[in-house]
Amino acid sequence: MTRYESLIESLGDTPLVGLPHLSPRWEGERPVRLWAKLEDRNPTGSIKDRAAHAMITAAEADGRLTPGCTILEPTSGNTGISLAMVAKLRGYGLVCVMPENTSVERRQLLEMFGARIISSPAAGGSNQAVATAKQLAEQYPDWVMLYQYGNPANAQAHYDGTGPELLRDLPTITHFVAGLGTTGTLMGTGRYLREKVPDISIIAAEPRYGELVYGLRNIDEGFVPELYDDSVLTSRFSVTSYDALRRTRDLIEQEGIFAGISTGAILHAALSIAERVDAKGERADIAFVVCDGGWKYLSTGAYSGSLQQAAERLEGQLWA
Amino acid sequence: MAIEVKIPTILRTYTDGAKAVDGAGETLSALIDNLDGSHPGLKGRLITDEGSLHRFVNVYVNDEDVRFTGSLETTLKDGDSVTILPAVAGGSR
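Residues numbered from 1 in each chain as written. Chains lettered and ligands numbered in written order. Predicted model: local features only at pLDDT ≥ 70, side-chain atom pairs only at ≥ 80, totals over all residues.

K.L.:
Would you mind showing me how to read the overall build of chain B here?
P.N.:
A tally of regular secondary structure across chain B gives 2 helices and 5 strands. Secondary structure of chain B in N-to-C order comes out as β-β-α-α-β-β-β. Taken over the C-alpha trace, chain B has a radius of gyration of 12 Å; the compact-globule value for 93 residues is 12 Å, and the two agree within 12%. Looking at chain B residue by residue over its 93 residues, the buried ones come to 32%. Taking contacts inside chain B between residues at least 6 apart in sequence as the whole, the part at least 24 apart equals 47%. (Helix = DSSP H or I, 4+ residues; strand = E, 2+ residues; numbered from the N terminus. Rg over C-alpha atoms; globule rule 2.2 N^0.38 Å. Buried ≥ 20, exposed ≤ 12 C-beta atoms within 10 Å, placed from the backbone. Contact = placed C-beta atoms within 7 Å.)

K.L.:
Explain the sheet that holds strand S5 (residues 116–120) of chain A here, please?
P.N.:
Within a sheet, adjacent strands bond to each other through the backbone by hydrogen bonds, running parallel or antiparallel. Residues and elements named next belong to chain A. The 4 strands lie next to each other as S5-S4-S3-S6, forming an open sheet whose pairing is parallel. Bordering the open sheet on either side are S5 and strand S6 (143–145), each of which pairs with just one other strand. Sheet twist, expressed as the mean angle between neighbouring strand axes with direction ignored, is 25°. Examined bridge by bridge, strand S3 (residues 70–74) and S6 share 3 bridges and lie parallel to one another. Along S6, the bridge assignment pairs Ile71 with Val144. (Pairing = 2+ DSSP bridges. Axes fitted to C-alpha atoms, helices over the stretch in contact; angles between N-to-C directions.)

K.L.:
Quick question: what am I supposed to make of unusual backbone geometry here?
P.N.:
The phi torsion of most residues other than glycine is negative, and most of the peptide bonds are trans. Residue and element names in this part refer to chain B. The phi angle at Asp16 is positive, at roughly 55°, despite the residue not being glycine. With respect to the helices, strands and loops of the structure, Asp16 is situated in the loop between strand S1 (3–6) and strand S2 (20–23). Of the residues examined, Asp16 has 8 C-beta atoms within 10 Å and is grouped as exposed. One non-glycine residue with positive phi stands out, namely Asn62, at about 50°. On the secondary structure map, Asn62 appears in the loop between strand S3 (57–61) and strand S4 (64–65). Asn62 sits in the partly exposed class, given 15 other C-beta atoms within 10 Å.

K.L.:
Hey, could you run me through the packing of helix H2 (residues 78–90) of chain A against helix H3 (residues 104–112) of chain A in this one?
P.N.:
A pair of packed helices is characterised by two quantities: the angle between their axes and the separation of those axes. All names here are of chain A. Between H2 and H3, the shortest axis-to-axis distance is 9 Å and the interhelical angle comes to 15°. With respect to H3, the axis of H2 lies roughly parallel. When you trace H2 past H3, the crossing you get is left-handed. Only Arg106, Leu109 and Leu110 of H3 make contact with H2, whose side of the interface consists of Gly80, Ile81 and Ala84. (Parallel < 35°, antiparallel > 145°, perpendicular 65-115°, else oblique. Left-handed = near helix turned anticlockwise from the far one by under 90°.)

K.L.:
Before we go on, may I ask you to explain the nonpolar core in this structure?
P.N.:
The nonpolar side chains of soluble globular proteins are, as a tendency, buried together. All names here are of chain A. Within the largest apolar cluster, 88 residues are counted, with the highest numbers of intra-cluster contacts made by Val177, Ile266, Ala269, Ala270, Ile286 and Phe288. If one sorts the elements of this core by residue count, helix H8 (residues 261–279) sits on top with 10 residues. Of the residues that make up this core, three or more belong to each of domain 1 (8–44 + 162–310) and domain 2 (48–145). For Ala270, the contacting residues outside a window of four places in its chain are Leu34, Val177, Ile286 and Phe288. (Core = buried A, V, L, I, M, F, W, Y, C linked by C-beta atoms within 7 Å. Domains from an automatic or database assignment.)

K.L.:
Could you clarify how one ought to interpret the domain arrangement of chain A in this entry?
P.N.:
Often, the extent of an interface is quoted as the loss of accessible area upon association of its parts. Residues and elements named next belong to chain A. Domain boundaries in chain A define domain 1 (8–44 + 162–310) and domain 2 (48–145). Of note, the centres of domain 1 and domain 2, computed from C-alpha atoms alone, are 25 Å apart. Contacts between domain 1 and domain 2 engage 19 residues on the former and 20 residues on the latter. Its residues placed into classes, the side of domain 1 that touches domain 2 shows 8 nonpolar, 8 polar and 3 charged. (Nonpolar A, V, L, I, M, F, W, Y, C, P; charged D, E, K, R; others polar.)

So, in structure tokens, the structure goes:
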């Protein structure tokens, strides 16, 4: 059934597509195959629609959100856009706190959806956005902060949606690879898949940024999302801008998939795992997440010029 | 045996501002002891009094988080690259 009562109803149930060209061995007795879950096919074009919808629905159910409420969230991108869409359709206001060094497309999109943007200093990165949002929540007690980094509904959306969809479409799954940010995708999907396929590997790919993003004054200002539980993961990779860009371009050139830069980081980790499995002569079905399309990142210069030039342009920007 | 260790901005007060330093050791634990010899105080910022990695410090050997490869007992070989980073909220969520 591809008819829906409203845009929100159409979220999830995204396609899983094979990568016959980038996979080490697509056919044969012991294939090592890569599969991309196209989360850019969600209503606002990213995986974050799942978490945004789940968090708002949960807050309505427990009475925190009532008609006319204003939602507050530290977000520099996709979560904000997803929240803005759901908030508009359900009749809520939205205030996003975002670092000033985020791409212009995201700001314009948020403004079109009617969100208000409060900037936090670039030097503080997302940590500062989280801290600023927490201060605002104290100043404006009637604003409702859904707080994607600690909201169980974020992970639950993936336990209920992403995980079951993957297992239905790929019963022979051996590995799941996704980006590590709020950790919601990996925690929710990972827990579901581990329950059903106990020996599955759950692999995290996190972006490694330029130094500006790590501009803490003190190690004790560090941040680990409340949702994070490292027992769910099997391994965790830190991926440089250069490697993420390289894989983003491989994905277009070899498989025709135009994805955002964080997807390149995830593919990089997936390929590292695929090569290891292949070297051992084992079979594998490795599913990974395409978080969003590349449209919102065109202005970053990621898709033009040499890789080295593009990587340099990304320095200091939040690309995932 | 030389292992390149990338130092985050926040810890460069211990390395005279150097972005990367060389160290030696067959395990991460031995490497950190070795680094502390040439850059006194560094170990105390990475490892807690209980002897485990600080909660807000992430260490990667060849881009892989050591918490999933044996933590401080992760083995090292010549030419490995070690990256130390503070845990942050990351990018655009």
